[in-house]
Amino acid sequence: MSERLLRWMDAHTLALLLAIMLLRGGFLLINGFDLIGDESYYWDWSRQPDWCYYSKPPMIAWLIGAFTWLLGDYTFTVRLPALLLGTVFLWFFHATAKAFYGARGGALALLLVLATPINVLANFLMTIDAPLYCFWIITVYYLRRALFDQQARAWLWAGLASAAGLLSKQSALILPLMLLIFLGLDSQRRGYLKKEFWLYFLPILVAAAPILWWNQQHDWVMFGHSKGHFGNHEPVGALKHLQWARDFLLYQLLLVSPVLFFLVVISSAQAAFNFKRLPAEQRFLLLMGPVLLLGVLLLSVLQKAQGNWPMPFYFTGLILLAGNGLAGAWKRTLKYGIGLGLAMVLLTYSLPIVLQVFKLQNTAFDPTKRFNSWQELAINVHFERLISLPNLDNTFVVALGHRYLASELAFYLPDHPQVYRYEPSGLVTSQYEVWSGPQAYIGKNGFVIGETPEENVPAELKAAFQSFRFLAQVPNPAKPNSPYYLYLGENLKFWPEAVRQTLDKEGYAPSEN
């Protein structure tokens, strides 16, 4: 790796990160991509602030809610926190690597993470990953200061960062667990378990308290959802296991880039094999990520694993890889890996232009299709609503089908109406089933929409209105052969919840990541 480049990056880190932030901000402004389903779903959460939600802790909703309250309900506004959190992440990532391996190591690690496509997506999409990644690396930074520089205050800062990580995603509980393992294995630092560890852990307990209280009030719904992600709910054959592992591996190759992925895995496996001979700092790096990455790779063979699950585990893996690179390992391969990764990053940014030039938009080769249909659908639905009822005051919307339909219509319909979701199975499959139904709209009119012909609309939903009639067939931009059907229910008499009230506590469906 060019020494001149590494020295320049270290000397101009702040300017480089600000330039990257401006580049990404410009991309957010001009790309024209609609919110994906998860983004609009979390935005809908933000309209009802709470201590927790169906599948995740509240940080994502709090952040989106704060920015939209200040700047309005716009696509760019929803995604702006991801851009800012991503920039903070890069700063602390560089600072962490520099603390372990010096100026050259910090610059090389920064170059490595910039060469991963996931770093682009995490700064572009406002999902739970953006705050989790940011608070995860801040935790590692301050734990490094506490453990190896004996900075007493760093324990509290690390605890606050871990608490914010827990408020972002429940998987942040891995951080104190791995710290416990490290301290238990390191005789020189085991004494920190008496006092310092508890100073670190106290903010995490404080953050966990409202999450636990909310779940106790809601039949432990988040824990029921999380449990559904693990294990196989029905017997599967060996071929299915291989398919799961193949799909998971493909995600890693696309999100991390092929060469860097294999280098991280190889360096992590080598470090794990030589664990007892490693210096304490390298053992810490290994335990705070790469060991967990190897575990998730194994898990992907045993059950279906989501491609984004191991992403925080790459952070210290990339730092460890940078240290190995400085020591002379894989010099040429590392250059190829960075080059290929940066090419994939550049392709990610240029996708809108590439798709337009080669006329691949909305084809099977267009990975951005799910970004491009919701606003068009909402415009068409709004037009039909106005034809049937010129005054939309005191009306509501009910979505049939996936939760994304409910949240995207709530965001992209011009009046941002309250959108409910009717789940005829009685299963609690999303936040919409946790929230109450439209009882406040008794006596009012509601629009019902879904990919459901009238004969298949649940009879109990039709009976909830004094009258129920078909309004229009609305084109589905994402699936032309599966149109949406729009209905008008007049004078809501009651909201049919009898099935849901008889559901036992195991009736949760793992429908979200």
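Being a predicted model, the structure only gives us computed values, none of them experimental.

Trainee: Provide a residue-level description of the overall build of the chain, including the pertinent values.
Mentor: Tallying secondary structure elements over the chain gives 22 helices and five strands in all. For 513 residues, the compact-globule estimate of 2.2 N^0.38 gives 24 Å, and the chain sits close to it at 25 Å. Projected onto the principal axes, the alpha-carbon positions of the chain cover approximately 75 × 55 × 50 Å. Relative to its full complement of 513 residues, the chain shows a buried share of 55%. Of the contacts formed within the chain by residues at least 6 apart in sequence, a portion of 76% connects residues at least 24 apart.

Trainee: Could you give an account of the nonpolar core, with specific residues and numbers?
Mentor: Counting 141 residues, the largest nonpolar core has F89, F93, L112, L147, Y200 and F284 as its most contacted members. At 18 residues, the largest contribution of residues to this core is made by helix α5 (residues 75-114). Contact partners of Y200, with chain neighbours within four places excluded, come to T139, L143, W155, A158, G159, S162, L175, P176 and L179. In terms of nonpolar packing, the next biggest core, distinct from the first, is built from 16 residues, Y420, Y422, F465 and Y487 among them.

Trainee: Kindly report on the sheet that holds strand β4 (residues 465-474), identifying the contributing residues and their values.
Mentor: Strand order in the open sheet formed by five strands is β2-β1-β3-β5-β4, with mixed pairing between adjacent strands. Each edge of the open sheet is held by one strand with a lone partner, namely β2 (419-422) and β4. Adjacent strand axes in the sheet meet at a mean angle of 25 degrees, parallel and antiparallel pairs treated alike. By the bridge criterion, five bridges tie strand β1 (residues 395-400) to strand β3 (residues 445-450) in an arrangement that is parallel. If you follow V398 over to β3, its bridge partner there is V448. Against the sheet, helix α18 (residues 374-388) engages β1, β3, β4 and β5 (484-492), with an angle of about 130 degrees to β4. Set on the sheet, helix α19 (residues 403-412) makes contact with β1, β2, β3 and β5; between it and β2 the angle comes to about 170 degrees.

Trainee: Describe the environment of A115, naming the residues involved and giving the relevant values.
Mentor: Relative to the elements of secondary structure, A115 occurs in the loop between α5 and α6 (117-122). Separated by 226 residues in sequence, A115 and G341 place their C-alpha atoms 4.4 Å apart. Every residue in contact with A115, bar those within four places of it in the chain, is listed here: V256, S257, L260, I338, G341, L342 and V345.

Trainee: So what's going on with the packing of aromatic side chains? Which residues, and what values?
Mentor: With the rule as written, the count across this model stands at 42 aromatic pairs. Ring centres of Y41 and Y432 lie 5.9 Å apart, and the angle between their planes is 35 degrees; on these two criteria the pair is classed as tilted. Linking Y41 in helix α3 (residues 37-46) with Y432 in helix α20 (residues 431-434), this pair joins segments that are 391 residues apart in sequence. Take Y432: its relative accessible area is 6%, and that puts it in the buried class. For the pair F148 and F284, a centre-to-centre distance of 5.9 Å together with 75 degrees between the ring planes defines the contact as edge-to-face. On the criterion of sequence distance, the pair formed by F148 in helix α7 (residues 129-148) and F284 in helix α14 (residues 280-287) is long-range, its members being 136 residues apart. The two residues F148 and F284 agree in class, both being buried. In this structure, R283 packs its charged tip against the face of F275, placed 6.0 Å from the ring centre. Over the aromatic face of Y41 sits the side chain of R403, whose NZ or CZ is 5.1 Å from the ring centroid.

Trainee: Can you explain unusual backbone geometry? Please cite residues and give values.
Mentor: Positive phi is not limited to glycine here, since D219 has a value of about 55 degrees. Structurally, D219 can be placed in the loop between α10 (196-217) and α11 (221-227). Of the residues examined, D219 reaches a relative accessible area of 42% and is grouped as partly exposed. In this structure, W330 takes a positive phi of about 50 degrees despite not being glycine.

Trainee: How would you explain the side chain of N215 if you had to name every residue and give the values?
Mentor: Secondary-structure assignment places N215 in helix α10. Judged by its relative accessible area of 0%, N215 falls in the buried class. Setting aside anything within four residues of it in sequence, one finds N215 in contact with C52, W220, V221, M222 and F223.

Trainee: Give a description of the packing of helix α8 (residues 152-168) against α10 that names residues and reports values.
Mentor: Relative to each other, α8 and α10 sit at 25 degrees, their axes nearing to 8 Å. One element, α8, and the other, α10, form an angle in the roughly parallel class. In the crossing of α8 with α10, the sense of the turn from one axis to the other is right-handed. Contacts between α8 and α10 pair A152, W155, L156, A158, G159, L160, S162, A163, L166 and L167 from the former with E196, L199, Y200, P203, I204, A207, A208 and I211 from the latter. Across the contact of α8 with α10, the residue classes break down as 15 nonpolar, two polar and one charged.

Trainee: Now, about the pairing of β3: what can you tell me, with residues and values included?
Mentor: When you tally the buried positions in β3, you get five out of six residues, the bulk of the element. Two elements, β3 and β5, share five bridges in a ladder whose sense is antiparallel. Bridge pairing in β5 places G446 opposite G489.

Trainee: Run through helix α16 (residues 313-326), naming residues and quoting values.
Mentor: The α-helix winds at 3.6 residues per turn, so residues separated by three or four positions along the chain end up facing the same way. End to end, α16 covers 21 Å across 14 residues, agreeing with the expected 20 Å (1.5 Å per residue, within 8%). Taking burial as the measure, the 14 residues of α16 include 12 buried ones, the bulk of the element. Buried within α16 are the following residues: F313, Y314, F315, T316, G317, L318, I319, L320, L321, A322, G323 and G325. Two residues or fewer past α16, G328 is found with a positive phi of approximately 105 degrees.

Rules used in this analysis
Residues numbered from 1 in each chain as written. Predicted model: local features only at pLDDT ≥ 70, side-chain atom pairs only at ≥ 80, totals over all residues. Heavy atoms only, no water. Helix = DSSP H or I, 4+ residues; strand = E, 2+ residues; numbered from the N terminus. Rg over C-alpha atoms; globule rule 2.2 N^0.38 Å. Buried < 20%, exposed > 50% of the residue type's maximum accessible area, 1.4 Å probe, protein only. Contact = heavy atoms within 4.5 Å. Core = buried A, V, L, I, M, F, W, Y, C linked by side-chain atoms within 4.5 Å. Pairing = 2+ DSSP bridges. Axes fitted to C-alpha atoms, helices over the stretch in contact; angles between N-to-C directions. Phe/Tyr/Trp six-rings, centres within 6.5 Å; stacked < 30°, edge-to-face > 60°. Lys NZ or Arg CZ within 6 Å of the ring centre and 35° of its normal. Parallel < 35°, antiparallel > 145°, perpendicular 65-115°, else oblique. Left-handed = near helix turned anticlockwise from the far one by under 90°. Nonpolar A, V, L, I, M, F, W, Y, C, P; charged D, E, K, R; others polar. Expected span 1.5 Å × (residues − 1).

In short, the description is geometric, and any link to function would need to be established separately.
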